[in-house]
Amino acid sequence: VFNTVTRQVGMFPVAQRQETSSSTARQVTVWCSNDYLGMGQNTQVIAAMQHSLGTCGTGAGGTRNISGTTRYHVELERELADLHGHQSALVFGSCYAANASSIPVLVKLLPGCIVYSDAKNHASLIEGIRHSGAPRRIFRHNDAKHLEQLMQADDRHAPKLVVFESVYSMDGTIAPIADICDVAERHQAMTFIDEVHAVGLYGQHGGGVTQRDKLAHRIDIISGTLGKAFGVYGGYLTGSSCVIDAIRSLAAGFIFTTALPPVVAAGALESVRILKQHHQLRERHQERAATLKAKLRAAGLPLLATPSHIVPLIIGDAKLCKAMSDQLLAKYAIYVQPINYPTVPIGSERFRLTPSPVHTDAMIDQLVDALVSLWRDFDMPLLPTVSASLPASSTFVSVPPPTRQSEELYAL
Ligand SMILES: Cc1ncc(COP(=O)(O)O)c(C=O)c1O
């Protein structure tokens, strides 16, 4: 069920929910948006888009190589390369397209290439790896030692590509990037990191976890989205001029499709520029996430321990998850989409809460109270309640063992 929630400028995270076309709309508080910082309603971004729309019109009018490249595309790519400290960038229609269409190009250019993929990689990365036809090895989630074992077992002369993410969107885990880079360097492997849930949010200028940890120079390709923290739409890759030029020249998902509308490129450009300069938004975002986690934990709600801004609450049953989400909406005007298979493995269905800098203390308290009532209404066990200041270890749940790894799920 796709809930119809219409966003209203100036109201985020409140939106208008309309159940049917004839029913009256009511206001709901959204707790599951990936517009992590509310940039989708930033007045400067809106003004930049209005200006571009008024001057360039609507669509790009062509593929990038046949009349679809505007100065907004060029400036955006320059800005993104600078954001990650890489030589070049390439903008795609989405990061799904960027991931899925660039990996086959890299594999094609490196005959005999073996791809090493984290077990929890996103569907777009899995699609790219599958489509490449390369032999692939799946390493246990965030396990650099396992990656090393797999590499040691392979021909040491074979070209190698390691594909992983920085922030994993459903469990909120963060990759041991330095360890993975160490392994990759020992085996002369290329590295491809998806920073979709980190760009705009981590690092002094929003360049992601690789920027925060000063590791971007050790990564060959960074992929990111313009549709989450940057609040607009589109995806991109950054890397050396040589690698980006190869992808630009060969990736079907870049070449044979209409370029991003200039208005979208203009909005993304403005958003990237703003977030480069406003680290306080990232600090406030982290503070809101920490406050929400502390209050959920103090109330005994079963949250996963995460080192990131993502706050997963495990429910573990698809029907229950949907019924609880429906009740949250109907009774408390709180919108949290149930996350079910195939986004997460069966048995680990969950609410995935995404606090933003503009979720207030009152909104957090209202959410926690509503969830506690909901847990009671549905006869769900609460964990022992603790003071928010006590150590966390005893009051977090762990991720239920997956029934099937995501790699297998997408084969279905
Ligand atoms: C980890 C990850 N990579 C890539 C994507 C695709 O990004 P986009 O929405 O720009 O297509 C997503 C999802 O939205 C994602 O969660």
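Anyway, here's the lowdown on the structure attached to this text. (Residues numbered from 1 in each chain as written. Predicted model: local features only at pLDDT ≥ 70, side-chain atom pairs only at ≥ 80, totals over all residues. Heavy atoms only, no water.)

### Looking at the overall build of the protein
For clarity, the threshold we go by: The helix count covers DSSP runs of H or I at least four residues long, the strand count covers runs of E at least two residues long, and both are numbered beginning at the N terminus. For the radius of gyration, the atoms used are the C-alpha atoms, and the globule rule reads 2.2 Å times the number of residues raised to 0.38. Contacts are residue-level and defined by heavy atoms, with any inter-residue pair within 4.5 Å sufficient. Counting rule for charge: Lys and Arg are taken as positive, Asp and Glu as negative, and neither His nor the chain ends is counted. Each charge is placed at NZ for Lys, CZ for Arg, CG for Asp and CD for Glu.
Counting secondary structure elements, the protein contains 14 helices and 14 strands. At 22 Å, the protein has a C-alpha radius of gyration in line with the 22 Å of a compact globule built from 412 residues. The C-alpha extent of the protein, read off along each of the three principal axes, is 60 × 55 × 40 Å. Taking the contacts inside the protein whose residues are at least 6 apart along the sequence as the reference set, 72% of them involve residues at least 24 apart. Here the protein carries 36 positive and 35 negative side-chain charges, and the mean point of each set is 1 Å from the other.

### Examining unusual backbone geometry
Pro 13 follows Phe 12 through a cis peptide bond whose omega is 10 degrees. Of the consecutive residues Tyr 341 and Pro 342, the connecting peptide bond is found in the cis state with omega at 5 degrees. The residue Pro 342 is located in the loop between strand E13 (338-339) and strand E14 (350-353) in this model. Even without being glycine, Lys 214 reaches a positive phi, approximately 55 degrees. In this fold, Lys 214 is placed in the loop between helix H7 (209-212) and strand E9 (221-225). Look at Asp 379: it is not a glycine, yet its phi comes out positive at around 60 degrees. Among the secondary structure elements, Asp 379 is positioned in the loop between helix H13 (361-377) and helix H14 (406-409).

### Re the site of the ligand
Operational definition: A single heavy atom is enough: if one lies within 4 Å of a molecule or strand, its residue is considered near that molecule or strand. As used in this structure description, the phrase polar contact means that two N or O atoms lie within 3.5 Å; if the pair is within protein, one of them must be able to donate a hydrogen and the other to accept it, and residues adjacent in sequence are counted only when both atoms belong to side chains. All accessibility values rest on the Shrake-Rupley procedure with a 1.4 Å probe; residue burial counts only the protein chains present in the view.
The environment of the ligand is made up of 13 residues, and the closest members are Cys 95, Asp 194, His 197, Thr 225 and Lys 228. One of the backbone N or O atoms of Tyr 96 is found 3.0 Å from an oxygen atom in the ligand. One nitrogen or oxygen atom from the side chain of His 197 is found 2.7 Å from an oxygen atom belonging to the ligand. Calculation on the ligand without its partners gives an accessible area of 390 Å², and the protein chains cover 82% of this total.

### Notes on the pairing of strand E11 (residues 311-314)
Under the convention used in this document: Between buried and exposed lies partly exposed: a residue is buried under 20% and exposed over 50% of the maximum accessible area for its type, with that area taken using a 1.4 Å probe on protein chains only. If DSSP finds at least two bridges between two strands, the strands pair.
Burial along E11 is two-sided: the face carrying Val 311 and Leu 313 and the face carrying Pro 312 and Ile 314 are both buried. When E11 meets E14, the two strands line up antiparallel, connected through four bridges. Bridge pairing in E14 links Val 311 to Leu 353.

### Points about the packing of aromatic side chains
Any two aromatic rings considered together are summarised by their centre-to-centre distance and by the angle between their planes. The condition that has to hold: Two rings from Phe, Tyr or Trp (for Trp, the six-membered ring) form a pair when their centres sit within 6.5 Å of each other. Planes less than 30 degrees apart are called stacked, planes more than 60 degrees apart edge-to-face, and all others tilted. Charge-over-ring placement is defined geometrically: NZ (Lys) or CZ (Arg) within 6 Å of the ring centre, and within 35 degrees of the ring normal.
One pass over the structure, following the stated rule, counts one aromatic pair. Their ring planes at 65 degrees and their centres at 5.5 Å tell us that Phe 92 and Phe 254 sit as a pair that is edge-to-face. Placement of the pair is Phe 92 in strand E4 (residues 88-92) and Phe 254 in helix H9 (residues 252-255), with a sequence separation of 162 residues. By relative accessible area, which is 8% here, Phe 254 ends up buried. A cation over a ring is seen here: Arg 71 above Tyr 72, with NZ or CZ 4.5 Å from the ring centre.

### Considerations on the side chain of His 309
Position of His 309 among the secondary structure elements: in the loop between helix H11 (279-298) and E11. By relative accessible area, His 309 is classed as buried at 0%. If sequence neighbours within four positions are ignored, His 309 has contacts with Tyr 36, Val 167, His 197, Leu 201, Tyr 202, His 285, Gln 286, Ala 289, Leu 353 and Pro 355.

### Observations concerning the packing of helix H3 (residues 95-109) against helix H4 (residues 123-132)
We apply this condition: Only the stretch in contact is used when a helix axis is fitted, and all axes are lines through C-alpha atoms; the angle between N-to-C directions ranges over 0 to 180 degrees. Between 65 and 115 degrees an angle is taken as roughly perpendicular, under 35 as roughly parallel, over 145 as roughly antiparallel, and anywhere else as oblique. Note on convention: near helix rotated counterclockwise from far helix by under a right angle means a left-handed crossing. Clockwise means right-handed. Here the term charged refers only to Asp, Glu, Lys and Arg, the term nonpolar to Ala, Val, Leu, Ile, Met, Phe, Trp, Tyr, Cys and Pro, and the term polar to all other amino acids, Gly among them.
Orientation of H3 relative to H4, taken along the N-to-C sense of each, is 30 degrees, at an axis distance of 7 Å. On the basis of the axis angle, H3 is roughly parallel to H4. Read as a crossing pair, H3 and H4 show a hand that is right-handed. Packed against H3, whose contacting residues are Tyr 96, Asn 99, Ala 100, Ile 103, Pro 104 and Val 107, the element H4 presents Ala 123, Ser 124, Leu 125, Glu 127, Gly 128, Ile 129, His 131 and Ser 132 at the interface. Residue classes in the contact of H3 with H4 are distributed as eight nonpolar, five polar and one charged.

### Considerations on the layout of surface pockets
What counts here: As defined here, a cavity is a set of points on a 1 Å grid over the protein atoms alone where a 1.4 Å probe fits but cannot get out. A pocket is an open set with protein on both sides within 12 Å along at least five of seven lines, and residues line them when an atom is within 4 Å of a point. Grid points are joined across faces, edges and corners, and a volume is the space filled by probe spheres set on the points.
Taken as a whole, the second largest pocket spans an internal volume of roughly 450 Å³. If you go around the second largest pocket, you meet 17 residues; those closest to its centre are Cys 32, Ser 33, Asn 34, Asp 35 and Lys 228.

### As for the pattern of salt bridges
Here is the rule: Salt bridges are defined by distance alone: a side-chain nitrogen of Lys or Arg within 4 Å of a carboxyl oxygen of Asp or Glu.
Enumeration over the complete set of coordinates arrives at 23 salt bridges. The partner of Asp 154 in a salt bridge is Arg 137, and the shortest N-O contact between them spans 2.9 Å. Within this pair, whereas Asp 154 is found in the loop between helix H5 (144-152) and strand E7 (160-165), its partner Arg 137 is found in strand E6 (residues 136-139), the two being separated by 17 residues in sequence. Given the relative accessible area of 25%, Arg 137 is considered partly exposed. With a shortest N-O distance of 2.9 Å, Asp 365 and Lys 295 are connected by a salt bridge.

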